[in-house]
Amino acid sequence: MSLLKFLKKIEPDKKSSPFLHTLFDGFFTFAYAPDTVTKGGVHIKDGMDLKRLMVHVVLVLQLCYAFGSLNIGHQHFAALGMYPDFLDAFHLKITYGLIQLIPIFVVAHLVGLGIEFWYAAKKGHAIEEGFLVSGALIPLIMPPDVPLIWLALAVAFAVIIGKEAFGGTGMNIFNVALLSRAFIFFAYPTEMAGDTMISGKEVWVSGLEFDAAQLAEGVKQQVSYYHWWSHGVFDNLFSAFGWRTFGEGGVAVADSFTGATPLGLAKTGGWAAVAEVYTPTQMWWGGLPGSIGESCKPFIIVGAAALVAMKVASWRVMVGMIIGCALTGMLMNGFTAGYEDPSLSYLQIPWYYHFYMGSFFFSMAFMATDPVTAASTNRGKWIYGFFIGAVGLIIRVMNPAYPEGWMLAILFMNVFAPLIDHYVLESNMTKRLKRA
Amino acid sequence: MEFFNVFIKSAFIENMVLAYFLGMCSFLAVSKTVKTAFGLGLAVIFVLAVTMPINWVINEYLLGETGIFGTDLTFLRFILFIAVIASMVQLVEMVIEKVSPSLYNSLGIFLPLITVNCAILGGSLFMVSREYNLSESVAFGLGGGFGWFLAIIALAAIREKLRYSNVPPALRGLGMAFILTGLMGMAFMSLMGIDPTVYSVGN
């Protein structure tokens, strides 16, 4: 008996156990192409169904995951003043990163898919695969030490309010992954702003928890962080090979550690302050504190190119966004050229350096191009991308309340995407009516 | 420059609907199609931009102690502002009825209700409390109206798109509009906190 026959045999009955049937159907269509093809919906391209389309994005994101888990470990040890070279103690860094990243990944999927399965069973339709991509994106845009309960709340908010309330996959107006990030951002502002002195917690660099009493005296001491059941187990393994081990933990944070990101530095002192700490090469390759998967630009560009080549993502949005950001940056440079005022130093950062800092490329490749929430006409895509670039840079540079602008710029333009489409369609109609 | 700053600030940074949640009733009720929303938005821009300077003149030259009566008549402010707004709305109503009867019919009761649209009276009262001068109050009227216009057509376009979505029955209509307004408010928070005056000083 073939496996397919066996699977067909154990298929639960849809009427008597709808939830089990939904679950079965979801995983079955993962393994086998279903014999029913797409009848309608938003992504019709060829016979390929939605799940296969979305898997491309998930595959492309694997590079970011690999880099992200190494970078979590690197930032952790760099804060403690150990192994400053990026590939030094590779096994410790990647193990540390995976121990940090896997729970985030699992929680995001458990909560998101759980809600999605529940809704699918309740409404009696097949599982909508929309969460595949959102679930793969959400861990990458979280800070490495995000508490799992925040993550669970944020994902639940984004999936229920942002998607299921709108009618499920393909119907949402706002980008689900960004909604979850925005939820965390607005719900826990002190921690997300990196204010360790108040919270005693550093979310942007993994593995640092400070003791309140010691912090008051100005001592930043890492407090008992390595767990025996995770890091300890690996320590036993590594010492068996004679490799370096994690050790006991409780190491003091290096004096040079600030945890400052390029954008934070730019806000206070312009490009000069950034250049003191980071070189452009370093920012380009992404060995910086920040969200887990956003920092390595070459890997993201490879991913973006692959998505464009497979015609999954729209190059119009990407190019529009680069043009918008570059033009706005040039305008800022042009208007402030020749002024010495320190409050203008951020505006005077050469426009091309804005591509080095922060998460421009990640938002461009994976967030702005989301086919559901972006404008869907070709001309609309140019406009949509252009305004994301422009508004995002304005938020990043001119709004003192937020360190980075792309998340909010994309949400902002999500509001206007249907409007852009509406007017593009109207103008096409009037043009054709005139021709007729 | 000041004119421009006030315009940007009132249109985007402190949007009447999405930051102060003023003018909600017509915002929610008339945002079903882009066409009617567009018409109502234009009407609000016009009424705001015209009533604001008139109210400024009234407040400055009739009501204050320095005004022509020489006594403090500020207790009359509300009644006079509303009277000005009502007469403007009457004018708009007559124009729309003459020019576009179909828009007049689709707006229905909400056209005369602009009179009690809190965004409009709110605009005039903001103008008084923020002590704008005449040109700033014109900019504030235009900007506030434009922000309101932008918000309502964006919501209308989203709601037109949602007509093809499988929204849970309990949320159809107003429920969805409320959720959307909240999420749009969150998106507009992106520009909140920008202070345009900082940059005009440098120039």
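These figures come from a predicted structure and were not determined experimentally. (Residues numbered from 1 in each chain as written. Chains lettered and ligands numbered in written order. Predicted model: local features only at pLDDT ≥ 70, side-chain atom pairs only at ≥ 80, totals over all residues. Heavy atoms only, no water.)

1. What to know about the overall build of chain A
Note the cut-off: By the criteria applied, helices consist of DSSP H or I runs no shorter than four residues and strands consist of E runs no shorter than two, each listed in order from the N terminus. Only protein chains enter the accessibility calculation, which uses a 1.4 Å probe; a residue is then buried when its area is under 20% of its type maximum, exposed when over 50%, and partly exposed in between. By definition, residues are in contact when any of their heavy atoms lie within 4.5 Å. To be clear on the numbers: accessible area is Shrake-Rupley with a 1.4 Å probe, and residue cover counts the displayed protein chains and nothing else.
Looking only at helices and strands, chain A features 18 helices and zero strands. Taken over 436 residues, chain A has a buried fraction of 53%. For chain A, the proportion of contacts with a sequence separation of at least 24, taken over those separated by at least 6, is 69%. Surface summary for chain A: the accessible area is close to 19,200 Å², and the carbon and sulfur share equals 66%.

2. Regarding the domain arrangement of chain A
All names here are of chain A. Operational definition: Boundary definitions for the domains trace back to an automatic or database domain assignment. Buried area counts how much accessible surface, traced with a 1.4 Å probe, disappears from two parts once they are put together, with both parts' losses summed. We call two N or O atoms a polar contact when they sit within 3.5 Å, provided that within protein one can donate a hydrogen and the other can accept it, with sequence-adjacent residues counted only if both atoms are side-chain atoms.
Looking at chain A, the domain boundaries give domain 1 (8-34 + 49-193) and domain 2 (270-436). Computed from C-alpha coordinates alone, the two centres of domain 1 and domain 2 are separated by 24 Å. Listed by partner, the interface residues are 35 residues for domain 1 and 34 residues for domain 2. Of the roughly 2,900 Å² buried between domain 1 and domain 2 on both sides combined, carbon and sulfur atoms contribute 78%. Among the residues domain 1 hides against domain 2, the three largest losses belong to V60, F67 and L178. Together they make up 19% of the total. Scanning the region where domain 1 abuts domain 2 turns up ten residue pairs in polar contact (both at pLDDT 80 or more). Elements represented by at least two residues in the side of domain 1 that touches domain 2 include exactly α3 (50-79), α4 (90-123), α5 (131-140) and α7 (176-187). Here the element with the most residues in the side of domain 1 that touches domain 2 is α3; it accounts for twelve residues.

3. Things to note about the nonpolar core
Residues and elements named next belong to chain A. Which entries qualify depends on this criterion: Among buried residues, the Ala, Val, Leu, Ile, Met, Phe, Trp, Tyr and Cys ones that are joined through side-chain atoms within 4.5 Å form a nonpolar core.
Judged by nonpolar contacts, the single largest core of 183 residues is most densely connected at F174, F362, F366 and Y384. Looking at which domains feed residues into this core, each of domain 1 (8-34 + 49-193) and domain 2 (270-436) supplies at least three. Not counting the four nearest positions on each side in its chain, F366 is found in contact with V57, V60, L61, C64, L137, I300 and L307.

4. A look at the environment of A:F234
Residues and elements named next belong to chain A. For F234, the position within the fold is in helix α11 (residues 228-241). On the basis of relative accessibility, which here comes to 31%, the residue F234 falls in the partly exposed class. Along the primary structure F234 and Y188 are separated by 46 residues, whereas in three dimensions their C-alpha atoms are 33 Å apart.

5. A look at a positive patch on the surface
Residue and element names in this part refer to chain A. Note the cut-off: Patches were defined on residues exceeding 30% relative accessible area and lacking a salt bridge, with like-charge contacts within 9 Å and nonpolar side-chain contacts (Val, Leu, Ile, Met, Phe, Trp, Tyr) within 5 Å. The rule for a salt bridge is simple: a side-chain nitrogen of Lys or Arg has to be within 4 Å of a carboxyl oxygen of Asp or Glu. His residues and chain termini do not enter the charge count, which takes Lys and Arg as positive and Asp and Glu as negative. A single reference atom marks each charge: NZ on Lys, CZ on Arg, CG on Asp, CD on Glu.
A cluster of basic residues, R379, K431, R432 and R435, forms a positive patch at the surface. Of the residues forming the positive patch, the biggest block, three residues, is contributed by helix α18 (residues 406-435). By the secondary structure assignment, R379 is in helix α17 (residues 378-398).

6. Observations concerning empty space enclosed by the protein
Residues and elements named next belong to chain A. Using the following cut-off: Only protein atoms enter the 1 Å grid used here. Points where a 1.4 Å probe fits but cannot escape make up a cavity, open sets with protein on both sides within 12 Å along at least five of seven lines make up a pocket, and a residue lines them when an atom lies within 4 Å of a point. Grid points are joined across faces, edges and corners, and a volume is the space filled by probe spheres set on the points. Under the scheme applied, nonpolar residues are Ala, Val, Leu, Ile, Met, Phe, Trp, Tyr, Cys and Pro; charged residues are Asp, Glu, Lys and Arg; polar residues are all the others, including Gly.
For the structure shown, the criterion picks out two cavities of 30 Å³ or more. One number sums up the size of the largest cavity: a volume of about 320 Å³. As for the largest cavity, its lining consists of 24 residues, of which M54, V133, D370, P371 and V372 are closest to the centre. Looking at the lining of the largest cavity, the elements that each hand over two or more residues are α3, α5, α7 and α16 (360-367). Taken together, the residues that form the lining of the largest cavity break down as 14 nonpolar, eight polar and two charged. Taken domain by domain, the lining of the largest cavity gets at least three of its residues from each of domain 1 (8-34 + 49-193) and domain 2 (270-436). There is about 60 Å³ of room inside the second largest cavity. Along the walls of the second largest cavity sit 13 residues, with N71, I72, Q75, P144 and G290 positioned nearest its centre. Class assignment for the residues of the lining of the second largest cavity results in seven nonpolar, six polar and no charged. Taken domain by domain, the lining of the second largest cavity gets at least three of its residues from each of domain 1 (8-34 + 49-193) and domain 2 (270-436).

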